[in-house]
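# Inside the fold
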Amino acid sequence: MGLFDKKYCDICGEKIGLLGNRKLDDGNLCKECAKKLSPWFEERRHSTVDSIKEQLAYREANKAKVKAFQVTREFAADRYHVYIDDTKGQFAIATAMNVDVNPDIVDLSQVISCKLDVQQKRKEEQYRDKDGNPQDYVPPRYRYSYEYEIKLAVSSPWFDDMDFKLNSFAIDEHERQKIMNMENTGNQIVAALTGTPMMNSGYAQPMGMQNNGYGQPMGMQNNGYGQPMRTQTNGYGQPMGMQNNGYAQPVNQGMPQHANYAGAVAGGVAGNQAMNQESWQCSCGMVNSGKFCAQCGQPRPAINVSGYSQMNVVRCNNCGWQPSDPNQTPKFCPECGNRIG
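Each value, and the rule that gives it
All chains use their own residue numbering, which begins from 1 and follows the written sequence. In view of the model being predicted, local features appear only for residues whose pLDDT reaches at least 70, and side-chain atom pairs are presented and counted only at 80 or more, with totals across whole chains, interfaces and linings using the full set of residues. Working from all heavy atoms in the structure, the side-chain values ignore hydrogens and water. At least two bridges found by DSSP between two strands are what make those strands a pair. For helices the rule is a DSSP run of H or I covering at least 4 residues; for strands it is a run of E covering at least 2, with both sets numbered from the N terminus onward. We call two residues in contact when some of their heavy atoms are within 4.5 Å. Only C-alpha atoms enter the line fits that serve as axes; for helices the fit covers just the stretch in contact. Angles between N-to-C directions range over 0 to 180 degrees. For every residue, the accessible area (1.4 Å probe, protein chains only) is compared with the maximum for its type, and the residue is labelled buried under 20%, exposed over 50%, or partly exposed between those bounds. Side-chain rings of Phe, Tyr and Trp, where Trp is taken by its six-membered ring, are said to pair if the distance between their centres is within 6.5 Å; with planes under 30 degrees apart they count as stacked, over 60 as edge-to-face, and otherwise as tilted. For a Lys NZ or an Arg CZ to count as sitting over a ring, it must be within 6 Å of the ring centre and within 35 degrees of the ring normal. How sure the predictor is of each residue is captured by pLDDT, a score from 0 to 100.

### Thoughts on the sheet that holds strand β8 (residues 106-107)
The strand order across the open sheet formed by four strands is β5-β6-β7-β8, and the pairing between neighbours is antiparallel. Only two strands of the sheet have a single neighbouring strand rather than two, namely β5 (73-76) and β8. In this sheet, β8 lies alongside strand β7 (residues 90-94) in antiparallel orientation, the contact comprising two bridges. Residue pairing in the sheet places Gln90 in a bridge with Asp107 of β8. Of the strands in this sheet, β5, β6 (81-85) and β7 touch helix α3 (residues 176-194), which is tilted by about 145 degrees from β5.

Take a look at the structure:
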């Protein structure tokens, strides 16, 4: 048989167009008959003609179940709706509940497992320099977004899973209300299909989720914008191990615990000299190890014999806080309230 020989559907017997053939394990299927199969069916290429005929008979009988289906609860995602018939213990997942769509009617007892899956995506942010060219932040800054999907495993002779996404587009970390609503909807669906109570702490969080008031996924802690767990933010999603003085200095670069601590308040002058041998803090706040500041380009200040910079230094004599701009010094320390002389 040649490549371009006419083919006929082994189900309905109609001639198949040039691009209309759907290959079966032992025959051919036209696209019109293929449309009648379950949308959750994925094993068409490994199916026989007889098994396809059996499924189409099941799909025809399913229309009567659709007509008899009574929607007692409905959960709406961006595209799909989850319909529950509590009177019969059945559910369906589809874009609409009617005979034309013919959604598969499944018994709740056929549900094997159901969970809300959260996918976190991140995109590195950039800024534009004085010439208008895009530049990466150092250290890198990220913007996060989230996608939600229901992972549903069922026991059916025609399909094993009915996975579907709740949101058509990723939700930005700053859209807190959308994040909260999406996770609440996902938890309601999980609870309805599994018959388990929702984990509710004000807003239903999915299993494996903890609530910060905005429904961040498990492994997330909240700064108000859903940064990943083990992350604390300076407003730009720096990873943990970062502390913020406005420029996100990494730890373990010779800096004391306080990000604006510039002098040897505790530990004596020797400790300050050891720190300055490895790293130094520019007046703009950036911690550097080279001769010039990587943030603003200023040269490293000279160090006198006492271990202090020869530039004028203003700091709190109580806790050691130092302003990033010595020319703008408050009268009282914002950290401990001590008067700055």
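### Concerning the side chain of Ser145
Within the fold, Ser145 resides in strand β12 (residues 142-154). Using a relative accessible area of 16% as the deciding quantity, one classes Ser145 as buried. Beyond its immediate stretch of four places on either side in the chain, Ser145 contacts Gln119, Gln120, Lys121, Ala170, Ile171, Asp172 and Glu173.

### Notes on the packing of aromatic side chains
One pass over the full model with this rule turns up four aromatic pairs. Relative to Tyr80, the ring of Trp40 has its centre 5.9 Å away and its plane inclined at 35 degrees; by these criteria the two rings are tilted. You can see Trp40 sitting in the loop between α1 (31-35) and α2 (49-68) and its partner Tyr80 sitting in the loop between β5 and β6, a full 40 residues away along the chain. Taken as a pair, Trp40 and Tyr80 share a single burial class, namely buried. Each residue in the set Trp40, Tyr80 and Phe164 is aromatic and connected to the rest through ring pairs, giving one cluster. Directly above the aromatic system of Tyr142 lies the positively charged group of Arg122, at a separation of 3.9 Å from the ring centroid.

### A look at the confidence of the model for the protein
Low pLDDT marks regions whose predicted coordinates should not be analysed in detail. Averaged over all residues, the pLDDT of the protein equals 76, while 71% of them reach at least 70. Below a pLDDT of 50 lies the segment residues 201-277, which in the model reaches 171 contacts outside its immediate sequence neighbourhood of four places, other chains included. Counting contacts from residues 304-311, a segment whose pLDDT is below 50, to residues more than four positions away or on other chains yields 19 contacts.

### Observations regarding unusual backbone geometry
A cis amide bond, omega -5 degrees, links Val138 with the succeeding residue Pro139. Here the phi dihedral of Asn102 falls at roughly 55 degrees; this positive angle occurs in a residue that is not glycine. Here Asn102 shows up in the loop between β7 and β8. Judged by relative accessible area, which is 4%, Asn102 ranks as buried.

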